[in-house]
Amino acid sequence: MIKLRNISLVVLSSALLAACTSHPLMNVYDRTVPNRYDGQPQTSATVEKAIFTGCLDKGWVCREVTPGHIEASISVRKHRATADINYSEKSYSIAYKDSYLLDYNGRKNTIHRNYNRWINNLEQAISKNLVM
């Protein structure tokens, strides 16, 4: 009886811990690309450069899939995440693609809170590089 109770407590504790670390999945949609520091509009090339630089600044590895589409991946310890970044000279979006060991739940659209932090940091780095 005590053994069954201990197993139940372990299962319940694990479920509560997972619930505390899971948050709604964060995507960035249609973020407006600002004009360059000199007031001129951005080009696809300058937006691409800002995305690549932002990725590198935050530890993401990225590759161009097609013009206007970059795939970015990050690995932290045993955890991995991949996002699609679609862009033009007017806007960009960062959308979840895949992950490993980040408790992604497609039905609930939740993921470990660290993923959202990584996406937020990436978005801020891209934004910073767009105005430079």
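Residue positions are counted from 1 within each chain, in the order its sequence is given. The predicted nature of this model means local features are confined to residues of pLDDT at least 70 and side-chain atom pairs, given and counted, to a pLDDT of 80 or more, with totals for whole chains, interfaces and linings taken over all residues. Each side-chain value is worked out from all heavy atoms of the structure, with water and hydrogens disregarded.

### Some remarks on the nonpolar core
Applied cut-off: To qualify as a nonpolar core, a set must consist of buried Ala, Val, Leu, Ile, Met, Phe, Trp, Tyr and Cys residues joined through side-chain atoms within 4.5 Å. The rule is simple: take the accessible area with a 1.4 Å probe, protein chains only, and divide by the maximum for that residue type; under 20% is buried, over 50% is exposed, in between is partly exposed. Strands are runs of DSSP state E lasting at least two residues, helices are runs of H or I lasting at least four, and both sets are numbered from the N terminus onward. Whether two residues are in contact is decided by their heavy atoms: any pair within 4.5 Å suffices.
Counting 27 residues, the largest nonpolar core has Ile51, Cys55, Trp60, Ile85, Ile94, Tyr115 and Ile126 as the members making the most contacts within it. Put simply, the parts of the chain that give this core at least two residues each are helix H2 (44-57), strand E4 (69-76), strand E5 (79-87), strand E6 (91-100) and helix H3 (113-130). Sort the elements by how many residues they give to this core and H3 lands first, with 6 residues. Residues within four places of Cys55 in sequence aside, it is in contact with Trp60, Cys62, Ala72, Ile85 and Leu122.

### Some points on the environment of Thr32
Mapping Thr32 onto the fold places it in strand E2 (residues 28-32). In this structure the C-alpha to C-alpha distance between Thr32 and Tyr87, which are 55 residues apart in sequence, comes to 9.9 Å. Ignoring anything within four residues of it in the chain, the contact list for Thr32 reads Lys90 and Ser91.

### Side note on unusual backbone geometry
Backbone geometry places Asp30, a non-glycine residue, at a positive phi of 50°. Positionally, Asp30 belongs in strand E2. According to the relative accessible area criterion, Asp30 is exposed, its value standing at 57%. At Asp103, a position not held by glycine, the phi torsion is positive, near 55°.

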